[in-house]
Amino acid sequence: MDAESIDFFELVKRVDTDQMGDFISYDRDKCNGCGLCALVCSFSLWAVKQGKAKLAVRYQELCLECGACEEVCEPGAIEFSYPKGGTGVIIEYG
Ligand code: SF4
Ligand code: SF4
């Protein structure tokens, strides 16, 4: 299988977002506005405005659950945990 024939949207399995709850928490007071979360998020779910980060309201619908935003956030303003319900990215290969 070559890369062009892979439908990446087929790799993402999701349940109804109402069942997922919040799986990313954000502490505005800890945010220093560095913008790294916005830089690493593949789906542009973070934006920095007036020195503080903001997460898209319905982020559950698009988040790839990569955890990168938490990894790069040095002040620990972002906490990521895998959502309930077996959602997320399934890498199928072979
Ligand atoms: S990476 Fe953390 S500190 Fe930097 S803008 Fe995002 S939330 Fe704020
Ligand atoms: S977990 Fe990944 S895709 Fe989801 S908001 Fe963070 S950086 Fe973006």
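Scroll up to find the structure.
Quantities reported herein were computed from a predicted structural model and do not represent experimental measurements.

Calculation notes
Residues numbered from 1 in each chain as written. Chains lettered and ligands numbered in written order. Predicted model: local features only at pLDDT ≥ 70, side-chain atom pairs only at ≥ 80, totals over all residues. Heavy atoms only, no water. Near = heavy atom within 4 Å. Nonpolar A, V, L, I, M, F, W, Y, C, P; charged D, E, K, R; others polar. Patch = residues over 30% accessible without salt bridge, like charges linked within 9 Å, V, L, I, M, F, W, Y side chains within 5 Å. Areas by Shrake-Rupley, 256 points an atom, 1.4 Å probe, with all protein chains shown as cover. Salt bridge = Lys/Arg side-chain N within 4 Å of Asp/Glu carboxyl O. Helix = DSSP H or I, 4+ residues; strand = E, 2+ residues; numbered from the N terminus. Phe/Tyr/Trp six-rings, centres within 6.5 Å; stacked < 30°, edge-to-face > 60°. Buried < 20%, exposed > 50% of the residue type's maximum accessible area, 1.4 Å probe, protein only. Core = buried A, V, L, I, M, F, W, Y, C linked by side-chain atoms within 4.5 Å. Contact = heavy atoms within 4.5 Å.

A. Geometry of the site of ligand 2. Lining the immediate surroundings of ligand 2 are I24, C41, L45, W46, C63, L64, C66, G67 and C69. When grouped by side-chain class, the residues that make up the shell around ligand 2 number 8 nonpolar, 1 polar and no charged.

B. Representation of a nonpolar patch on the surface within the structure. Together, L36, L39 and V40 make up a nonpolar patch on the protein surface, roughly 260 Å² of accessible area in all. With respect to the helices and strands, the residue L36 is situated in helix α1 (residues 36–40).

C. Spotlight on the packing of aromatic side chains. In total, this model carries 4 aromatic pairs according to the counting rule given. A centroid spacing of 5.1 Å and a plane angle of 80° characterise the contact between F80 and Y82, whose relative ring orientation is edge-to-face. Taken together through their ring pairs, the aromatic side chains of F23, Y59, F80 and Y82 make up a single cluster.

D. Just the environment of E71, in detail. With respect to the secondary-structure elements, E71 resides in helix α2 (residues 68–72). On a C-alpha basis, the gap between E71 and L36 in space is 9.7 Å, while along the polypeptide they are 35 residues apart.

E. A look at the pattern of salt bridges. All told, the structure shown has 1 salt bridge when counted by the stated rule. The partner of R58 in a salt bridge is E61, and the shortest N-O contact between them spans 2.8 Å. Using a relative accessible area of 46% as the deciding quantity, one classes R58 as partly exposed.

F. Representation of the nonpolar core in the model. Ranked by internal contacts, the top residues of the largest apolar core, which has 17 residues, are F23, I24, W46, Y59 and I78. Looking at this core, the elements with two or more residues in it are β4 (52–55) and β5 (78–80). Residues contacting F23, with those up to four places away along its chain left out, are Y59, Q60, C63, E65, E79, F80, S81, Y82 and P83.

G. The arrangement of unusual backbone geometry in detail. One non-glycine residue with positive phi stands out, namely Q50, at about 50°. As for its position among the elements, Q50 is in the loop between β3 (46–49) and β4. The exposure class of Q50 is exposed, given its relative accessible area of 83%. With a phi close to 55°, E65 is a non-glycine residue in the positive phi region. The residue E65 is located in the loop between β4 and α2 in this model.

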